[in-house]
Amino acid sequence: MISNQILQNTIDGLKGITRTDLCVIDTEGKVLASTFSEGDNYTESTLAFAASPADSQVMQGCQFFKVFDEHQLEYVLLANGEGDDAYMIGKIASFQIQNLLIAYKERFDKDNFIKNLLLDNLLLVDIYNRAKKLHIETDVRRAVYIIETNREKDGNDLEKVRSLFGGKSRDFVTAVDEKNIIVVKELAPGEGYEELNKTAEVIWGMFAADPAGGGEHIAYGTIVNEIKEVSRSFKEARMALDVGKIFFEEKDIIAYSQLGIGRLIYQLPIPLCKMFIKEIFDGKSPDEFDEETLTTINKFFENSLNVSETSRQLYIHRNTLVYRLDKLQKSTGLDLRIFEDAITFKIALMVVKYMKYMETLDY
């Protein structure tokens, strides 16, 4: 269904060109859009005209026209005037609105198809049959973005993203829930992940420039070659969004291909994680370490286990750092100066972070 605002904009534009007042009324006699204030005076005439077999008629000094949607009467259009000019303008206006109905229905059909495609609600044969009917290419390269805003999703955010991609029918902007906006982006030959990231930056920048914006996160999946694989890219983007919140809090844009070991940890069952932590820390948790120890550990990892550089950045003597590392080794049995122990400790910290995040989802 076309919004009343779209109808109003359409007839305002037509009046600006033709200088003829127009009015759109629904089948119940309610004025939906009008360029003159007397629209309510035509309710009875509209109902009588809607019940008649005529497609056009002159009443009360106006030309009346029926606008159909697949043989179903959708609107009655009035053109102010009884002459040939008013008749021609009314026919043009009703034709324009009828085409709008077709265009919006096609967009809705495509939107519905894309939603079901993302959610894996279609059989393989249905995917290709419906794509063919909707004139959607099946063998082009695509990737899926998920845009999570910091406020309840509304039509403004959705339309804002749609406007960013212009009228390109090859890209699809939709939503499958109340939190996220989805973009299915088609890639031109030669485009890859660098272009995908640039597009993500443009989207994020648009929200950041909005005074009501801030806190948005964007994730995107891998590039797929066929339409049947689009749902996989969507699932990857959704995982990237979650994993990014756990292990990459400082990033507003995250790609599935950047998740690294975090992607593996995210798929571990919680009981297995608890067992692993118990084995490594003997029932303790890294959360129990004091702030000084945690800062030392993180800085040591940031500097690739380099003792001299870490002590310099922490503004402490090298021997002080060695003392802290020795103390940590005594309490955990892991020497971070040894690569294997450092890897085990780093993974354990990530597992604890993942467990804490999952606990917040349970509340």
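The notes below deal with the structure included here. The residue count restarts for each chain, going from 1 along the sequence in the order it is written. Totals for whole chains, interfaces and linings use every residue, but because this is a predicted model, local features are given only for residues with pLDDT of at least 70 and side-chain atom pairs only at 80 or more, for both listing and counting. Hydrogens and water molecules were not included; the side-chain quantities draw on all heavy atoms of the structure.

Let us look at the overall build of the protein. A run of H or I in DSSP counts as a helix once it spans at least four residues, and a run of E counts as a strand once it spans at least two, with each numbered from the N terminus. If you tally the helices and strands in the protein, you get 13 helices and 10 strands. Here the C-alpha atoms of the protein give a radius of gyration of 30 Å, more than 25% beyond the 21 Å that 2.2 N^0.38 yields for 363 residues. Along the first, second and third principal axes, the C-alpha atoms of the protein reach 100 × 45 × 40 Å. Taking contacts inside the protein between residues at least 6 apart in sequence as the whole, the part at least 24 apart equals 58%. Accessible surface, the protein: about 19800 Å² in total, of which carbon and sulfur atoms supply 52%. Here Asp and Glu are counted as negative and Lys and Arg as positive; His is not counted, and neither are the chain ends. For charged residues, the charge sits on one atom: NZ in Lys, CZ in Arg, CG in Asp, CD in Glu. Computed over 43 positive and 58 negative side-chain charges, the inter-centroid distance for the protein is 6 Å. Restricting the calculation to C-alpha atoms gives the radius of gyration, and the globule rule supplies 2.2 Å times the number of residues raised to the power 0.38. The contact criterion used throughout is that any non-hydrogen atoms of two residues lie within 4.5 Å. To be clear on the numbers: accessible area is Shrake-Rupley with a 1.4 Å probe, and residue cover counts the displayed protein chains and nothing else.

Taken in spatial order, the five strands line up as β2-β1-β5-β4-β3 in an open sheet, and their pairing is antiparallel. Strands with a single pairing partner mark the edges of an open sheet, and in this sheet they are β2 (31-34) and β3 (56-59). In this sheet, neighbouring strand axes are inclined to one another by 25° on average, regardless of whether the strands run parallel or antiparallel. Axis definition: a line fit to C-alpha positions, over the contact stretch in the case of helices; interaxial angles, taken between N-to-C directions, run 0 to 180 degrees. On the sheet, helix α1 (residues 4-18) packs against β1 (22-26), β2 and β5 (72-80) and is oriented at approximately 35° with respect to β2. Two strands make a pair as long as DSSP finds a minimum of two bridges between them.

Before going further, it helps to spend a moment on the packing of helix α10 (residues 291-302) against helix α12 (residues 318-332). Put simply, α10 and α12 touch, their axes get as near as 11 Å, and they point 105° apart. Judged by the inter-axis angle, α10 sits roughly perpendicular to α12. Two secondary-structure elements touch here, α10 through Glu292, Thr293, Thr296, Ile297 and Phe300 and α12 through Leu321, Arg324, Leu325 and Leu328. Per-class residue counts for the contact of α10 with α12 are five nonpolar, two polar and two charged. For this classification, under 35 degrees means roughly parallel, over 145 means roughly antiparallel, 65 to 115 means roughly perpendicular, and everything else is oblique. Here the nonpolar group is Ala, Val, Leu, Ile, Met, Phe, Trp, Tyr, Cys and Pro; Asp, Glu, Lys and Arg are the charged ones; every other residue, Gly included, is treated as polar.

This next bit is on helix α6 (residues 193-208). For α6, spanning 16 residues, the distance from its first C-alpha to its last is 22 Å, which sits close to the expected 22 Å at 1.5 Å a residue. Burial status follows relative accessibility: with a 1.4 Å probe on protein chains alone, a residue under 20% of its type maximum counts as buried, one over 50% as exposed, and anything between as partly exposed. Along α6, the positions that sit buried rather than exposed are Leu196, Thr199, Ala200, Ile203, Met206 and Phe207. The arc that holds every buried residue of α6, seen down its axis, measures 120°, which confines them to one face. For a helix, the expected span equals 1.5 Å multiplied by the number of residues minus one. Regarding the arc, it is the one traced by the directions from the helix axis to the C-beta atoms.

Moving on, we get to a nonpolar patch on the surface. A cluster of nonpolar side chains, contributed by Leu268, Leu272 and Met275, occupies part of the molecular surface with about 260 Å² of accessible area. Mapping Met275 onto the fold places it in helix α9 (residues 270-281). Put simply, a patch holds well-exposed residues, over 30% relative accessible area, that have no salt bridge, with like charges counted together within 9 Å and Val, Leu, Ile, Met, Phe, Trp or Tyr side chains within 5 Å. The term salt bridge refers to a side-chain nitrogen of Lys or Arg lying within 4 Å of a carboxyl oxygen of Asp or Glu.

What follows is about the pattern of salt bridges. Enumeration according to the criterion identifies 19 salt bridges in this entry. Arg162 is paired through a salt bridge with Asp111; the nearest N and O atoms lie 3.6 Å apart. Pair noted here: Arg162 is in helix α5 (residues 155-164) and Asp111 is in helix α3 (residues 84-118), with a separation of 51 residues, a long-range link. Just as Arg162 is buried, Asp111 falls in that class too. As a salt-bridge pair, Arg312 and Glu309 come within 2.5 Å of each other at their nearest N and O atoms. Note that Arg312 and Glu309 are positioned in helix α11 (residues 307-313) at a spacing of three residues, about one turn of the helix.

With that out of the way, let us pick up the sheet that holds strand β7 (residues 172-174). Strand pairing in a sheet relies on backbone hydrogen bonds, with the paired strands running either antiparallel or parallel. What the five strands build is an open sheet, ordered β7-β8-β6-β9-β10; its pairing is mixed. Single-partner strands in this sheet number two, and they are β7 and β10 (253-255). Neighbour to neighbour, the strand axes of the sheet diverge by 15° on average, direction disregarded. Pairing of strand β9 (residues 217-220) with β10 involves three bridges; the strand directions are parallel. Directly across from Tyr220, in β10, lies its bridge partner Ala255.

Taking 1.5 Å per residue, 18 residues should reach 26 Å; helix α7 (residues 230-247) reaches 25 Å between its end C-alpha atoms and fits that length. Across the 18 residues of α7, 14 count as buried, placing the element largely inside the fold.

Our next topic: unusual backbone geometry. The phi dihedral of Gln60 is positive, around 50°, even though this residue is not glycine. One can find Gln60 in the loop between β3 and β4 (62-69). What makes Gln60 partly exposed here is its relative accessible area of 45%. In the Ramachandran plot, Tyr315 falls in the positive-phi region, its phi being about 60° despite a non-glycine side chain. Structurally, Tyr315 can be placed in the loop between α11 and α12. A residue is classified by how much of its surface remains accessible, and Tyr315, at 77% relative accessible area, is exposed.

Moving on: the state of the cysteines. The disulfide criterion used throughout: a pair of cysteine sulfur atoms within 2.5 Å. Evaluated as defined, the whole model comprises zero disulfides. The structure places no disulfide on Cys23, whose sulfur is separated from the nearest cysteine sulfur, that of Cys62, by 8.3 Å.

Turning our attention to the pairing of β1. Burial within β1 is extensive, with five of its five residues counted as buried. Judged by which residues are buried, β1 turns out to be covered on both faces: Leu22, Val24 and Asp26 on one side and Cys23 and Ile25 on the other are all buried. The pairing of β1 with β2 spans three bridges and is antiparallel. Looking at the pairing, Cys23 lines up with Ser34 of β2. Hairpin connection between β1 and β2: a loop of four residues separates the two successive antiparallel strands, and Gly29 in this loop has a positive phi of roughly 90°.

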